[in-house]
Amino acid sequence: MTAVQRAGILVTVATFRRPDGLVALLRSLERMVDAPPFDVLVVDNDPRHSATPAVDGVRGELGFPVRLVAEPAPGIAAARNAALRAADTYRWVCFVDDDEEVDPGWLLRLTDVRRRSDADGVTGPVEFSFAVDPPRWALLGNFFIRPDFADGAPCPTAATNNLLLSVDALRARDLRFDLRLGTTGGSDIMLTRQLTSRGGRIVWCEGAVVHETVPAARCRPRWILRRAVRSGNTEALVALALATSAPARFAVLLGGLARIVVGSGRLVTAPLVNRQQRGAAALRTLLRGIGVVAAWSGRPVREYARPVPQEDR
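Let me begin by describing the structure that accompanies this report. Given the structure is predicted, the values throughout are model-derived calculations rather than measurements. (Residues numbered from 1 in each chain as written. Predicted model: local features only at pLDDT ≥ 70, side-chain atom pairs only at ≥ 80, totals over all residues. Heavy atoms only, no water.)

1. Let's talk about the side chain of D46
Part 1 of the reasoning: Following the sequence through the fold, D46 ends up in the loop between β2 (38–44) and α2 (51–58).
Part 2 of the reasoning: You can call D46 buried: its relative accessible area is 3%.
Part 3 of the reasoning: Not counting the four nearest positions on each side in its chain, D46 is found in contact with T15, F16 and R17. (Helix = DSSP H or I, 4+ residues; strand = E, 2+ residues; numbered from the N terminus. Buried < 20%, exposed > 50% of the residue type's maximum accessible area, 1.4 Å probe, protein only. Contact = heavy atoms within 4.5 Å.)

Here it is as structure tokens:
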């Protein structure tokens with residue numbers, strides 16, 4: 001199939017037991033204005049196929065094709081790779097999460113910036129709303145912060161919660177999501193870092209916004225603290241996987257230890273984390289440092305690991 005004959009954009013979403021969120025996302029795609037032609041692929045990573053009734057229930061109401069495929073191998077990396085396989089006959093693959101909704105101008109703005117910049121990828125912001133109020137220290141310390149760049153600025157990495165990528169650019173570099181990071185997360189950061197380090201270019205589009213509602217369970221202190229540790233852990237796992245020498249691996253450890261020292265020191269001078277932005281940010285720095293050291297010590301945080309069903313034990 002020649003490049004001229006290939007279809008344009010495949011919007012993909014990997015999903016695992018979030019049927020309500022999936023339906024909300026599909027309906028938000030239907031509300032887009034002036035979007036270029038696109039198809040949608042849903043990758044169901046649930047062995048119980050929970051996405052099937054959700055997609056079938058709204059398929060007839062949508063103005064775009066929706067294809068549903070099952071990916072039996074557990075883990076977010078396997079589901080993302082299934083999306084890449086399906087995107088092989090397209091020029092562009094777009095990733096968005098099953099707990100998000102897109103702005104009406106989302107896809108139009110991504111593609112406009114891509115055309116003007118001639119970049120290999122475009123990413124944009126995630127705006128949060130909360131089902132319940134999170135702890136004050138979590139907001140003061142930017143525990144829910146996502147990357148933010150100047151409009152049109154180059155991005156060294158990007159997450160698959162809001163991302164348009166060139167299929168040709170991935171194919172030319174033989175890039176796929178790393179299955180070693182399937183249960184820890186970070187396979188998207190690793191792939192995009194490999195892309196940009198090998199001459200590819202990803203740019204920021206401030207106007208291509210997606211919205212995520214943080215559920216009550218993720219507004220609890222224990223989950224927020226653990227996620228901060230996991231963020232540092234994932235960052236280090238990616239850095240270690242890409243490290244090509246012992247000094248490079250050792251530098252990862254030093255970076256984690258430095259965060260622990262700096263975070264601890266600032267907490268001493270600003271211990272009121274619920275009142276002081278400096279103290280709340282220090283707590284986040286400390287926790288991320290702990291996550292880095294844990295990764296270097298061979299203790300990954302497997303946030304996406306699944307319990308073994310009782311009948312399989």
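This is not the end of the story, as more comes after the structure.
2. Here's the deal with the layout of surface pockets
Part 1 of the reasoning: In this structure, the second largest pocket spans a volume of roughly 230 Å³.
Part 2 of the reasoning: Taken together, R18, G21, A24, D98, D99, E100, E101, H211, E212, T213 and P215 form the lining of the second largest pocket.
Part 3 of the reasoning: Broken down by secondary-structure element, the contributors of at least two residues to the lining of the second largest pocket are α1 (19–30), β5 (100–102) and β10 (210–214).
Part 4 of the reasoning: Within the lining of the second largest pocket, the residues separate by chemical class into two nonpolar, three polar and six charged. (1 Å grid on protein atoms, 1.4 Å probe; cavity = no way out; pocket = protein on both sides within 12 Å on 5 of 7 lines; lining within 4 Å. Points joined across faces, edges and corners; volume = space filled by probe spheres on them. Nonpolar A, V, L, I, M, F, W, Y, C, P; charged D, E, K, R; others polar.)

3. Remarks on the sheet that holds strand β4 (residues 90–96)
Part 1 of the reasoning: One open sheet holds the seven strands; their spatial order is β3-β2-β1-β4-β8-β6-β9, and the pairing between them is mixed. In this open sheet, the two edge strands, each paired with only one partner strand, are β3 (66–70) and β9 (202–204). Averaged over all neighbouring strand pairs, the angle between strand axes comes to 20 degrees, with direction disregarded.
Part 2 of the reasoning: Across five bridges, β4 lies against strand β8 (residues 162–166) in antiparallel orientation. Bridged to V96 within β8 is N162.
Part 3 of the reasoning: In this fold helix α4 (residues 106–117) packs onto β1 (7–15), β2, β4, β6 (121–123), β8 and β9, with an angle of close to 130 degrees to the strand it touches most, β4. (Pairing = 2+ DSSP bridges. Axes fitted to C-alpha atoms, helices over the stretch in contact; angles between N-to-C directions.)

4. Concerning the side chain of D98
Part 1 of the reasoning: Topologically, D98 is positioned in the loop between β4 and β5.
Part 2 of the reasoning: A polar contact of 2.8 Å, which involves the side chain of D98, links it to the side chain of T15.
Part 3 of the reasoning: Apart from residues no more than four positions distant in its own chain, D98 is found in contact with V13, A14, T15, F16, R18, G21, L22 and L25. (Polar contact = N/O pair within 3.5 Å; in protein donor to acceptor, adjacent residues only side chain to side chain.)

5. Some thoughts on helix α7 (residues 187–197)
Part 1 of the reasoning: Along α7, the positions that sit buried rather than exposed are S187, D188, M190, L191, T192, Q194 and L195.
Part 2 of the reasoning: On its buried face, α7 is in contact with α3 (76–86), β8, α6 (167–172), β9 and α8 (221–242).
Part 3 of the reasoning: Just past α7, the residue G199 takes up positive phi, approximately 95 degrees.

6. Comments concerning the packing of α7 against α8
Part 1 of the reasoning: Two elements in contact, α7 and α8, have axes separated by 9 Å at closest approach and are oriented at 45 degrees. When the axes of α7 and α8 are compared, the pair comes out oblique. Read as a crossing pair, α7 and α8 show a hand that is right-handed. Counting all contacts with α7, which are made through M190, R193 and Q194, the residues of α8 involved are V238, A241 and L242. (Parallel < 35°, antiparallel > 145°, perpendicular 65-115°, else oblique. Left-handed = near helix turned anticlockwise from the far one by under 90°.)

7. Details of α3
Part 1 of the reasoning: Most of α3 sits inside the fold, with 10 of its 11 residues counted as buried.
Part 2 of the reasoning: Here α3 has its buried residues at I76, A77, A78, A79, R80, N81, A82, A83, L84 and A86.

8. Topic: a nonpolar patch on the surface
Part 1 of the reasoning: A contiguous nonpolar surface patch, about 360 Å² in accessible area, is contributed by F250, L254, L257 and W296.
Part 2 of the reasoning: Considering every element that reaches the nonpolar patch, the biggest residue donor is helix α9 (residues 246–269), with three residues.
Part 3 of the reasoning: Along the polypeptide, W296 turns up in helix α10 (residues 277–296).
Part 4 of the reasoning: When its relative accessible area of 32% is taken as the criterion, W296 is described as partly exposed. (Patch = residues over 30% accessible without salt bridge, like charges linked within 9 Å, V, L, I, M, F, W, Y side chains within 5 Å. Areas by Shrake-Rupley, 256 points an atom, 1.4 Å probe, with all protein chains shown as cover. Salt bridge = Lys/Arg side-chain N within 4 Å of Asp/Glu carboxyl O.)

9. A look at the nonpolar core
Part 1 of the reasoning: Judged by nonpolar contacts, the single largest core of 35 residues is most densely connected at V11, L29, V40, W106 and L107.
Part 2 of the reasoning: If you list the elements that add at least two residues to this core, you get β1, α1, β2, α2, β4 and α4.
Part 3 of the reasoning: Of all the elements, α1 adds the most residues to this core, at five residues.
Part 4 of the reasoning: If we skip the residues at most four places from it in the chain, W106 touches V11, L29, M32, C94, F95, V96, N162, A208, V209 and V210.
Part 5 of the reasoning: One finds V93, C155, V167 and A169 within the second-largest nonpolar core, a separate group that totals 26 residues. (Core = buried A, V, L, I, M, F, W, Y, C linked by side-chain atoms within 4.5 Å.)

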